[in-house]
Every structure is written in C-alpha cells, then in structure tokens.
Amino acid sequence: MEIRDDFRHKGLRNKLVQHLRGKGITDEAVLKAIGTVPRHLFMESSFIRFSYADKAFPIGAGQTISQPYTVAFQTQLLEVERFQKVLEVGTGSGYQTAVLLELGAIVYTIERQRELFLKTQSFLPLLGYKAYFFFGDGYEGLPAYAPFDRILVTAAADKIPQNLVLQLKPGGRMVVPVGNDKLQTMTLIEKITDEDIRITEHGTFSFVPMLPGRVS
Ligand code: SAH
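Residues numbered from 1 in each chain as written. Predicted model: local features only at pLDDT ≥ 70, side-chain atom pairs only at ≥ 80, totals over all residues. Heavy atoms only, no water.

J.: Outline the site of the ligand, supporting the account with residue identities and numerical values.
T.: Taken together, 27 residues form the shell around the ligand, and within it Ser93, Glu111, Asp137, Gly138 and Leu211 come nearest. Between the ligand and the protein, one listed contact pairs an oxygen atom with a side-chain N or O atom of Glu111 at 2.6 Å. When the ligand is considered free in solution it has 580 Å² of accessible area, and contact with the protein chains removes 99% of it. Counting residues per element, the ones that place at least two in the shell around the ligand are strand S2 (63-65), strand S3 (85-89), helix H4 (95-102) and strand S4 (106-111). The biggest single contributor to the shell around the ligand is S2, with three residues. Considering only residue class, the shell around the ligand consists of eleven nonpolar, twelve polar and four charged. (Near = heavy atom within 4 Å. Polar contact = N/O pair within 3.5 Å; in protein donor to acceptor, adjacent residues only side chain to side chain. Areas by Shrake-Rupley, 256 points an atom, 1.4 Å probe, with all protein chains shown as cover. Helix = DSSP H or I, 4+ residues; strand = E, 2+ residues; numbered from the N terminus. Nonpolar A, V, L, I, M, F, W, Y, C, P; charged D, E, K, R; others polar.)

J.: Describe the pattern of salt bridges, and please don't skip the residues or the numbers.
T.: The final tally for this structure, using the stated rule, is twelve salt bridges. Between Asp194 and Lys191 there is a salt bridge, with its nearest N and O atoms 3.5 Å apart. A relative accessible area of 48% means that Asp194 is categorised as partly exposed. (Salt bridge = Lys/Arg side-chain N within 4 Å of Asp/Glu carboxyl O. Buried < 20%, exposed > 50% of the residue type's maximum accessible area, 1.4 Å probe, protein only.)

J.: Any details on the pairing of S3? Residues and values, ideally.
T.: With four of five residues buried, S3 lies mostly within the body of the structure. Sheet topology places S3 next to S4; five bridges connect them, and they run parallel. Within S4, the residue paired with Glu88 across the bridge is Thr109. Tracing the backbone out of S3, into H4 and back to the parallel element S4 gives a crossover that is right-handed. Direction of pairing for S3 relative to strand S6 (residues 148-153): parallel, over a ladder of four bridges. Within the sheet, the bridge partner assigned to Val86 lies in S6 and is Arg150. (Pairing = 2+ DSSP bridges. Right-handed = clockwise from strand over helix to strand, strands pointing away.)

J.: Summarise the pairing of strand S9 (residues 197-205); cite the residues concerned and give the values.
T.: As paired strands, strand S8 (residues 184-191) and S9 are joined by seven bridges and run antiparallel to one another. Paired with Thr187 across the bridge in S9 is Glu201.

J.: So what's going on with helix H5 (residues 114-123)? Residues and values would help.
T.: Of all the residues in H5, the buried ones are Leu116, Phe117, Thr120 and Phe123. Seen end-on, H5 carries its buried residues on one side only, within an arc spanning 145 degrees. Buried residues in H5 make contact with strand S1 (57-60), S2, S4 and strand S5 (132-135). (Arc of directions from axis to C-beta. Contact = heavy atoms within 4.5 Å.)

J.: Can you explain helix H1 (residues 7-22)? Please cite residues and give values.
T.: The first and last C-alpha atoms of H1 sit 23 Å apart over 16 residues, in line with the 22 Å expected at 1.5 Å per residue. Of the residues making up H1, those classed as buried are His9, Arg13, Leu16, Val17 and Leu20. In an axial view of H1, the angular spread of the buried residues amounts to 105 degrees, which keeps them on one side of the axis. Facing away from the buried side of H1 by more than 90 degrees, the exposed set consists of Phe7, Lys15, Gln18 and Gly22. (Expected span 1.5 Å × (residues − 1).)

Here it is, written out as structure tokens:
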C-alpha cells in the first residue's frame, strides 16, 4: 500500500471539517484531529474515492469504519484530555484510534476479529500512531490495565457493559451506543464517585453489533 497524503486529501478533509461544524460539532481539538488523520489510508481500495464523504464503509470481516460525524460526536462527548488513559472497544480500521491519539490520549484498543486486530496493529504504526493493541472481548475490557479515564465503545451494546463501568476511574466518562442491532442511543456514563453514576442519552445512531467472545 502506498502511504500518500497530499494537498488534495488535505483539501477534502478541510471540507469534511466544515461539514461537521455545520452538523453541530464544536470541539476545536476534535475538528483538528479529523482534519489531520488521513482517512483515505484506512479505507479499502474500492472505496478510497469516498474517503471524505460523511458515510460508514466496509473494512472487511463484515465490519465498518464509522461515519466521520459519528466519530466526531462520540469523541466530543468523551471529552478526552492529553495524557489520559483511554480504552477503545472495537479497533476496526484504527481510524477512531488515530483520532484519539491525535488528541494526545494514551490508547488501549481491543478488537474481537483477529484479522482486523492483526491488520490494524501493523498498519497504524506505519502512520506514526502508537497504541496498545489487544485481541479479545471488549465486554470484558482490560482488567489488568484498568482503571481508565475514558472508555469509548464503537460497536452497539445491548445494555451498558457493567465490567467496563467497573474499569472506569472516579471522574471518568464512558460513551457507548446502547440498543438493538438497528438503532442505538448514544449513552454517556459519568462516574462521579464509585457510588454516584450518572447516565444521560445523546441521540440515535447505528453501529455494527458488539458481540461476545473472539473470532480467530
Ligand atoms: N472504531 C472502528 C469502528 C469499527 S466497527 C473504526 O474507526 O474503524 C466496530 C468494531 O467493533 C468491529 O471491528 C467489531 O469487530 C468490533 N467488536 C464488536 N464486538 C466487539 C467486542 N466484544 N470486543 C471487541 N471488539 C468488538
């Protein structure tokens, strides 16, 4: 694969950023990250020309790279700060991982599809993006590396994954789409203290399902 990012790609990204502003994304750091990450390099070759369209696309193994608006919305809601420890569930193409890294997060990312785990683990470092990659079941999280400041789930959970809530630091935030296999409610879980947990809902989205176990 050729790693090439030129002024045309940059121009398309600037347009995408304007589009996201128009749809209500206001966090400048998030917009800057989306304006920086070369999304076309995360796409399968047959879809490259649509890289900066605000749509989801197939990435293999029956999975998708999330729509840029969805990535921006989830990331904005997460309120990531530099040097925070972030757990991402659903590595997929690694695009969302790269956006989190651009924000200065220390990213632990977990994927249940071996093929995608291997591909993204070797690809992201080629772009200079360094994350910790895990092949496993995101429903279990990463107890050995917990607690996390932020947890971002990028697949549709049927209910709030309680193991993940346990792996959140007091003061931490977790963003997870919760619902059925068609539509989910973007859910924010704020752990004020271990006993005081606030749950708020932030609109409707559509993700591929979060499934238990690993696939080799
Ligand atoms: N963040 C990704 C989105 C990929 S789609 C991107 O930017 O490209 C969601 C991903 O979650 C898929 O790759 C799917 O295999 C993965 N997934 C689903 N259930 C999971 C689970 N229990 N643990 C880890 N990953 C899971």
